[in-house]
Amino acid sequence: MANKINIAIVGLGFGAEFIPIYQRHPNANMYAICQRNAEKLNAVGDEFKIEKRYTDYDELLKDPNVDAVHINTPIPDHAIQSIKALKAGKHVACTVPMATTVDECRQIVELVEETGLTYMMMETVVYAREFLFMKELYENGELGKIQFLKASHQQDMDGWPNYWPGLPPMHYATHCIGPVLALTKGEAEYVSCFGSGTIRKELHAHYNSPFAVESTHIKFRNSDLSAHVYRSLFDTARQYRESFEVYGSKKSVEWPLIEGKPLVVHTAKRPEPEIPEEVHSPDYAHLLPEPIQRFTTKGVYDEDDHQHLSFIQGAGHGGSHPHLVHEFLTALTESREPFPNARQSANITCVGILAHDSAMEGGKQMNLPAFTLSSAKKEVSSGAVV
């Protein structure tokens, strides 16, 4: 592709955070924005001096100048908007999760394979500085053999609008599923999940989901690894926490219990009191083009008059936003697949969808569909189970 990709951002709540990053990235032209509310659309367009504006997503997709869309709309819209964009010949970056059903994930994967277009789920944690630190230790051999992985995402969703009340915990679990699979580029083969506790009754009716916490074990495919992830959204007392922990034969890294505290690195074979060491994760802005390096520590939603719930609770998403943009754009300009690509995104997302199904059936083992696995083309037809 050409070095400059015409980007259209769809959804300008959380999505506005990405506008100045695209404006400064050497491979992007921040071409258009789309928002149903015309007043908000024009306010954002005026602030960032973006001329091309759409209130109708379908009209935006008709614009031949749009190369790629970055979707930041409510969860129920992700799949249908991604599918429409791919059918319209546009590359897609989409905030999490990829979809809300297994079949929607399948449609996106099949469209990517049919069209040759690029899809990337913009999972923040796999580009957060803490994850990048653990990934660096792993790739340098400092962790040794990986023995176990664990992650959590706990959050109080009271006060969030629209579709959030009563949402099954594992339906929005990519922030803890993503990193356990991403560290070794592993694939989930099957899952088993238990629900625990009960949310208040007025929340049950929205999704017929009673659980306060859902706790999932993930068995990796072609690996001796398994992982444990857990998620809560309502009626469970906990400061916001997106944690990721890795246990290796040489070193292990644990997430702090309280936001803002350092990571704890455990080193094997030291005298017992010397095994743990508190370590502040370095920033990884040096991996980015200079014009967007500042966005690992500062963004649109840092200022008091621009506070967004996802940013307040998410601690700035670990400086991941410019890394996500850079990965998507360089994948396009280098004609390679991004991480996570469509199949990997489907594997991550379907773990959560099937985990909730497992919890509703008392922990029943659920196999991941073959279309979410890298070997699917060679082994079985789409949708079959390996």
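Everything below is about the structure printed above this text.
Notes on the structure follow. Note that this is a predicted model, so its numbers are computed, not measured. (Residues numbered from 1 in each chain as written. Predicted model: local features only at pLDDT ≥ 70, side-chain atom pairs only at ≥ 80, totals over all residues. Heavy atoms only, no water.)

Counting buried residues in helix α7 (residues 174-182) gives nine out of nine residues, a clear majority hidden from the surface. Those residues of α7 not exposed but buried are T174, H175, C176, I177, G178, P179, V180, L181 and A182. (Buried < 20%, exposed > 50% of the residue type's maximum accessible area, 1.4 Å probe, protein only. Helix = DSSP H or I, 4+ residues; strand = E, 2+ residues; numbered from the N terminus.)

This paragraph deals with the packing of helix α5 (residues 102-115) against helix α11 (residues 342-360). The description of two packed helices rests on the angle between their axes and on the distance between the axes. Two elements in contact, α5 and α11, have axes whose closest approach is 10 Å; the angle formed by their N-to-C orientations is 175°. It follows that α5 is roughly antiparallel to α11 by the angle criterion. Here V102, C105, V109, V112 and E113 of α5 come into contact with α11, specifically with A342, R343, A346, T349, C350, I353 and L354. Across the contact of α5 with α11, the residue classes break down as nine nonpolar, one polar and two charged. (Axes fitted to C-alpha atoms, helices over the stretch in contact; angles between N-to-C directions. Parallel < 35°, antiparallel > 145°, perpendicular 65-115°, else oblique. Contact = heavy atoms within 4.5 Å. Nonpolar A, V, L, I, M, F, W, Y, C, P; charged D, E, K, R; others polar.)

The next thing to look at is the sheet that holds strand β11 (residues 241-248). Here nine strands make up an open sheet; going across it, the order is β14-β13-β12-β11-β7-β10-β9-β8-β15 and the pairing mixed. Looking along the sheet, the strands with just one partner apiece sit at the ends: β14 (276-279) and β15 (366-367). Of the pairings in the sheet, the one linking strand β7 (residues 146-154) to β11 comprises eight bridges and is antiparallel in character. Bridging from a neighbouring strand, L149 pairs with V246 of β11. Its contacts with the sheet put helix α6 (residues 129-139) on β7, β11, β12 (251-254), β13 (263-267) and β14, and the angle it makes with β13 is roughly 15°. Running over the sheet, α11 touches β8 (188-196), β9 (213-220) and β15 and is turned about 45° from β8. (Pairing = 2+ DSSP bridges.)

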